[in-house]
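The lines below spell out each chain.
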Amino acid sequence: MQNLRQIPSLMGKPQPHLAGEPILALRDVSARYNGRFALQDISFDLIAGEQVAVVGPNGAGKSTLFKVIAGVLPSSGGEVTVAGSGPGKHICIAYVPQRSQVDWTFPVDVADVVMMGRIGRLGLFRRPKRLDWDYVHQSLAVVGMSEFAERQIGELSGGQQQRVFIARALAQEAELMLMDEPLTGLDVRSQEDIFAVLDELRARGVTVMIATHDLNLAAERFDRVMLLNGRLLGFGRSETVFTSERLLSAYGGHIRMLDTGDGTLIVNDTCCDP
Amino acid sequence: MPNLLNFFLEPLSYPFMVRGMAAAVIVGIVCALVGSYVILRGMAFFGDALAHAILPGVAIGYLISGAASASLFWWGLVTAILTAVGIGAISKGAQLKEDTAIGIVFAGMFALGIALISTMRSYTVDLVHLLFGNVLGVTTASLLLTAVFGGLVVLIIIAFYKEFLVISFDPVLAETLRLPTEALRYLLLMLIAVTIVVSLQTVGVALMLAMLVTPAATAYLLTRRLPTMMAVAALIGAISGVVGLYLSYYISIASGAAIVLVCTGIFLVVALFAPQRGWVWRMRPA
């Protein structure tokens, strides 16, 4: 991970599109998934460069929220604006999929996957140029995966796979990255590698939203936390959002809370994490 | 060595063998390239269904203008493209599961094709040719059509390589890159349709799936990047065509079946002995 410190000259701090506009704003956004409402009346703003953890039980609409923000799923009401305009025209929004959603047996190597991030900028019938390869190699350097460029993606560990997809988002020159459970199923060391990459993204001013089941990490490592269960149950600093009433209303019985006597709560989403 | 040389040259002294050989090589290459996407996207059933569903279209061409005519090609092409787009639309908004919908369309169309052909006097011969191919009956005109449309498919596969790669590997990324994903998906369906029509005379409706799936699957076991996988698949497809026709000539078996059996034989050898992914490799004690 020592490559992480070298800041590539090519990818400077991304410029905001419209001065003074929040990088992301949702107003009363609702969305259906398989016919039922997965999201209802969601409103919030994100400040450029902040890192937000989105928590909520399974089926809370975290993935749906990300896909609506990315302009991949239509909303059934309300308005999403990214840097002042609708998401459908931006290629600066990257959706980093859950590892379980990726076909790891597909015949592509690490560099191929990262190059896919460039395709939106290349245009039809154009082959990657020197500049595009520079982006690919520098993105891999940022996530500390340079030496794995020619590995088939199925040969990587979970944490390495996750970093490859973050490199792809970097190659895409994304200013808003939506990461769907990047920490799930990783050991502590691999999680720390991801956090090192997140620090690098912070230095570059990239705005990050992460869906996670780990409430402790959400509380400790992110600027703000968002508690979601179909509706937005809280958004702000973890001390104000992670109250027992709010957590109980989000999770019902699927959460463990311990009063340790000195007032701290240890909370644990009993859903999926190892 | 005159005997060995003669072994290879003698069949080529017949113009129909040369035309058949050329058609088999083109079909082997085109099917393998398109088939690479078919296996990576899990569309084998779609490919098989589409091949069978063009039978009524081809049968109508048969009834109107006879067996050898190139008009069979055009009838097949129109039917294939309509069916491909139809299935594509069904799988978008239907109440039924996609494979159920495909199964209904496929079996119904196939039955219609057989019903139409059964009205002909030379029913059995014609049906056998359509089902299993008649590569040795390829005329110069239909060889030309095969070459032109096969070449077109290859050019489009190369031109849209990176777009097809992204919509196959990660459709959500394709959306966030604002690629025209729906148009690309239909283009790919149409390429499969054209490929099937191009291959109709060589391997026939019933064996089409083998040409789409087997060389690509064999190459998948041997390679780890899509460009090499496609190149190896094309090579296997072309070799199968040539070797299959020699087999057909010397031991007098049906040409389409011979080509497919060679493909299958290569696949079995590779599945057993391929480094890392072969059965023997995985069985050896660690």
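Structure: see above.
Residues numbered from 1 in each chain as written. Chains lettered and ligands numbered in written order. Predicted model: local features only at pLDDT ≥ 70, side-chain atom pairs only at ≥ 80, totals over all residues.

The strands making up a sheet associate through backbone hydrogen bonding, with each pair oriented either parallel or antiparallel. All names here are of chain A. Spatially, the six strands line up as an open sheet ordered β5-β6-β7-β3-β8-β9, and their pairing is mixed. At either margin of the open sheet sits one strand with a lone partner, and together these are β5 (93-96) and β9 (231-236). Each neighbouring strand pair of the sheet contributes to a mean axis angle of 15°, computed without reference to strand direction. Sheet analysis places strand β3 (residues 51-55) next to strand β8 (residues 224-229), joined by four bridges and oriented parallel. Opposite Val54, over in β8, you have Met226 as the bridge partner. (Pairing = 2+ DSSP bridges. Helix = DSSP H or I, 4+ residues; strand = E, 2+ residues; numbered from the N terminus. Axes fitted to C-alpha atoms, helices over the stretch in contact; angles between N-to-C directions.)

Inspection of the secondary structure assignment puts B:Thr218 in helix α11 (residues 181-222). What makes B:Thr218 buried here is the crowd of 27 C-beta atoms within 10 Å. (Buried ≥ 20, exposed ≤ 12 C-beta atoms within 10 Å, placed from the backbone.)

What follows concerns the packing of helix α3 (residues 44-53) of chain B against α11(B). All names here are of chain B. Interaxial distance between α3 and α11 falls to 9 Å at its minimum, and their mutual angle equals 110°. By the angle between their axes, α3 is roughly perpendicular relative to α11. Along its contact with α3, which presents Ala44, Gly47, Asp48, Leu50, Ala51 and His52, the element α11 presents Ile192, Ala193, Ile196, Val205, Met208, Leu209, Leu212 and Val213. Split into classes, the residues belonging to the contact of α3 with α11 amount to eleven nonpolar, two polar and one charged. (Parallel < 35°, antiparallel > 145°, perpendicular 65-115°, else oblique. Contact = placed C-beta atoms within 7 Å. Nonpolar A, V, L, I, M, F, W, Y, C, P; charged D, E, K, R; others polar.)

Residues and elements named next belong to chain A. Taken in spatial order, the three strands make up an open sheet running β2-β1-β4, and their pairing is antiparallel. Across the chains shown, the open sheet's two edge strands, defined by having one partner strand only, are β2 (36-46) and β4 (77-82). Within the sheet, the average angular offset between the axes of one strand and its neighbour, ignoring direction, is 25°. Here strand β1 (residues 24-33) runs beside β4; their pairing, made up of five bridges, is antiparallel. Counted as the bridge partner of Leu24 is Val82 from β4.

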